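Each chain is listed here by its residues.
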Amino acid sequence: MPAPDVAALLLELERSEPEVADEARTAVEWLTGGEPLETVTQLDVCEFLWYTLPIKVDGSWERIADALGRLLRLGGLDRYAALCVSSTTHEILRAYEREGEEAGTAAYQRALEATGVLPPDVPELQWSTIMGPEELGAHVACSAALELAMLTGAEFDGQVGLTRRWLTEARPELGGDSWLHRVQGERLNRWVLGRGPARRELAQPFEVRLHAPVPAEPLPALQGLLALAASEEGVPLRLPPSPEAVALRELAEHSLGAIRGFGTRLVITAEGRKLLGSPDLLWETATGLLLAPGDHELSVSAGEAALLLLASGDPMPWPTLCARVSEVIGGEGWRPDDVAGTLATLLRQITALGLGVNLEGTIRLTPVGQSAALAALRAHALRPRKYVSV
């Protein structure tokens, strides 16, 4: 059966119900963006009715929604037409009207989650709220797959399982590529090109290197501390007074939440047992601390520049490292007032984890430290883009 033609449907609606034709034209133009009606999904309809319409379209929202429903029903899209006049749509539009945008948006998010067609975050990918073309294509494709599975009653391994499969499998329509690979490539490219020229030049060689996951490496110092904390004796509160030992304890206790004080000892926590039992998780979590997303953005930018400079394993004098990092982040628009203080925190983490050495003021990453730098940079580059308020 051929897909309904929007222009033909509008002409038919003008003949049969001319009083709603203008509203229907407005709605369908917003909904399709000029694309064929056959490309529209349930997610498209819901996002138009529950977000775009009340946020961006002038006029009587319920009248426009009703007009769109009549057009869709005329085209045989009864399921989508029913959404236009549903009690859910009515309640969401009333929330915008009576309680404002924040309440309306919250109602929209709750209703969207309840549809079952919103692709969830999965271990391989957290969705951005600001999507590039590849990620948007992946999101739309995954949503359409979820909708089809529910509509046909086909058995599938839940939203997470289907989304993971849809993202990671080779897709014929992508020439054998996967959506996950496409999204990661887009994010890496955005990470390389997104800021100042000095930073861009420094990051460019890493775009290809960071496509593949970085294999987990052992972290003997941290693993040894957690193993001791898990033993009957625990770890004495009075550790040997070396800076590395103190820094490692602080990292394990405060940054990872892996150990805690208990009387005169440090003992392992449930989180610590989880990390100790999974070398991959321990690696991912520990290397993630090097560019912790909760840190101030200036600190993250300075740390990122430092890891880019040190990842080769070549030794670098401390003054040179600070000067190079200042140059890079200055080109991004930051005022590098205290680069040395910011980098001292990163260096403390590196030495505590046994990832690098500081000999007479010269910094060098070990081979494991080089892998850790790449893992931290990759995780940072592939992070989802979020609005500041989200």
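Just so it is clear, the model here is predicted, and its values are computed rather than measured. (Residues numbered from 1 in each chain as written. Predicted model: local features only at pLDDT ≥ 70, side-chain atom pairs only at ≥ 80, totals over all residues. Heavy atoms only, no water.)

Visitor: Please provide a residue-by-residue account of the sheet that holds strand β4 (residues 316-317), values included.
Guide: Read across the sheet, three strands follow the order β4-β6-β5 without closing on themselves; strand pairing throughout is antiparallel. Because the sheet does not close on itself, it has two edges, and the strands there are β4 and β5 (356-359). Looking at chain direction, β5 and strand β6 (residues 362-365) are connected through four bridges and run antiparallel. Counterpart to Gly356 in the pairing with β6 is Leu365. (Pairing = 2+ DSSP bridges. Helix = DSSP H or I, 4+ residues; strand = E, 2+ residues; numbered from the N terminus.)

Visitor: So what's going on with the packing of helix α3 (residues 42-56) against helix α6 (residues 87-99)? Which residues, and what values?
Guide: For the pair α3 and α6, interaxial distance at closest approach is 10 Å and the crossing angle is 30 degrees. Relative to α6, the element α3 is oriented roughly parallel. When the axes of α3 and α6 are compared, the crossing they make is right-handed. Seen from α3, the contacting residues are Leu49, Trp50, Tyr51, Leu53, Pro54 and Ile55; seen from α6, they are Thr88, Thr89, Ile92, Leu93 and Tyr96. Looking at side-chain class alone, the contact of α3 with α6 contains nine nonpolar, two polar and no charged residues. (Axes fitted to C-alpha atoms, helices over the stretch in contact; angles between N-to-C directions. Parallel < 35°, antiparallel > 145°, perpendicular 65-115°, else oblique. Left-handed = near helix turned anticlockwise from the far one by under 90°. Contact = heavy atoms within 4.5 Å. Nonpolar A, V, L, I, M, F, W, Y, C, P; charged D, E, K, R; others polar.)

Visitor: Pulling in residues and values, what's your account of the sheet that holds strand β2 (residues 259-262)?
Guide: One open sheet holds the three strands; their spatial order is β1-β3-β2, and the pairing between them is antiparallel. Looking along the sheet, the strands with just one partner apiece sit at the ends: β1 (235-236) and β2. Relative to strand β3 (residues 265-268), β1 runs antiparallel, the two sharing two bridges. By the bridge assignment, Pro236 is partnered in β3 with Arg265. Helix-sheet contacts for helix α13 (residues 220-230) involve β1, β2 and β3, and the interaxial angle to β3 is about 100 degrees. Along the sheet face, helix α14 (residues 243-255) touches β2 and β3 and points at about 95 degrees away from the line of β2.

Visitor: Residue-level account of the pattern of salt bridges, with values.
Guide: According to the stated counting rule, one finds 18 salt bridges in the structure shown. Between Arg63 and Glu23 there is a salt bridge, and its shortest N-O distance comes to 2.6 Å. Highlighted residues: Arg63 in helix α4 (residues 61-74) and Glu23 in helix α2 (residues 21-32), separated in sequence by 40 residues. For Arg63, a relative accessible area of 38% puts it in the partly exposed group. With a relative accessible area of 18%, Glu23 lands in the buried category. Residue Arg182 is joined to Glu134 by a salt bridge in which the shortest nitrogen-to-oxygen separation is 3.5 Å. Here Arg182, found in helix α10 (residues 179-193), pairs with Glu134, found in helix α8 (residues 133-152); they are 48 residues apart in sequence, far enough to count as distant. (Salt bridge = Lys/Arg side-chain N within 4 Å of Asp/Glu carboxyl O. Buried < 20%, exposed > 50% of the residue type's maximum accessible area, 1.4 Å probe, protein only.)

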